[in-house]
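Descriptive structure summary
Now for the letters of each chain:
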Amino acid sequence: MASVTVRVVDCYVYLKTDDDLKFLLLKRNKNKIYEHLWQGGAGKIEEGETPPEAAIRELKEETGLDPVNMFVADHVSRFYEVHGDRVNIVPVFGIEAGSTEVTLSDEHIDFKWVNIKDALNTLVWNGQKEGIQTVYDMVKNNDGRMRWSKVNL
């Protein structure tokens, strides 16, 4: 029987511009599972780490960026992973960056800052699209849930 686990996080990194938001998308390296897939920040939760701590660590490791603001998005991604026969429940975070200066780790080979339309056209998994759309809607609407789910940095 498949197990259900919370072992990874998704992070949608954004910058506020004068009229909209730009999102950071990362292209996975060819030597990684899901090679050449575009994604937001993502990664495994390490032993003793909370999901928000994992999100901040992954952000720094994968991009060199520091979070300015961070909140828990009102969305949980989920997917079945045949390797390990498990259903993953994935907390999603919106993270505001203070810079466009990205330093990639060896997990990724490229990055781009895009608007929400281009992000939705680039991402392939429904969970990714739903997650980034939720982050976009919450930020653009100055949603009160951001205040209630703010992560202290």
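Below is a short write-up of the structure. (Residues numbered from 1 in each chain as written. Predicted model: local features only at pLDDT ≥ 70, side-chain atom pairs only at ≥ 80, totals over all residues. Heavy atoms only, no water.)

1. Describing the environment of Thr103
Relative to the elements of secondary structure, Thr103 occurs in the loop between β7 (86–97) and β8 (108–114). Through-space distance from the C-alpha of Thr103 to that of Glu47 is 25 Å; in sequence the pair is 56 residues apart. The contact partners of Thr103, leaving out residues within four places of it in the chain, are Glu62, Thr63 and Gly64. (Helix = DSSP H or I, 4+ residues; strand = E, 2+ residues; numbered from the N terminus. Contact = heavy atoms within 4.5 Å.)

2. A few points about the pattern of salt bridges
Scanning all chains against the criterion turns up 11 salt bridges. In this structure, Arg57 and Glu46 form a salt bridge, with 3.6 Å as the shortest nitrogen-oxygen distance. Here Arg57, found in helix α1 (residues 51–63), pairs with Glu46, found in the loop between β5 (41–44) and α1; they are 11 residues apart in sequence, far enough to count as distant. A residue is classified by how much of its surface remains accessible, and Arg57, at 15% relative accessible area, is buried. Note that Asp74 and Arg145 form a salt bridge whose closest N and O atoms lie 2.3 Å from each other. With Asp74 in strand β6 (residues 67–81) and Arg145 in helix α4 (residues 144–148), this residue pair connects regions lying 71 residues apart in the sequence. Each of Glu46, Glu49, Arg57, Glu58 and Glu61 takes part in one network of salt bridges that share partners. (Salt bridge = Lys/Arg side-chain N within 4 Å of Asp/Glu carboxyl O. Buried < 20%, exposed > 50% of the residue type's maximum accessible area, 1.4 Å probe, protein only.)

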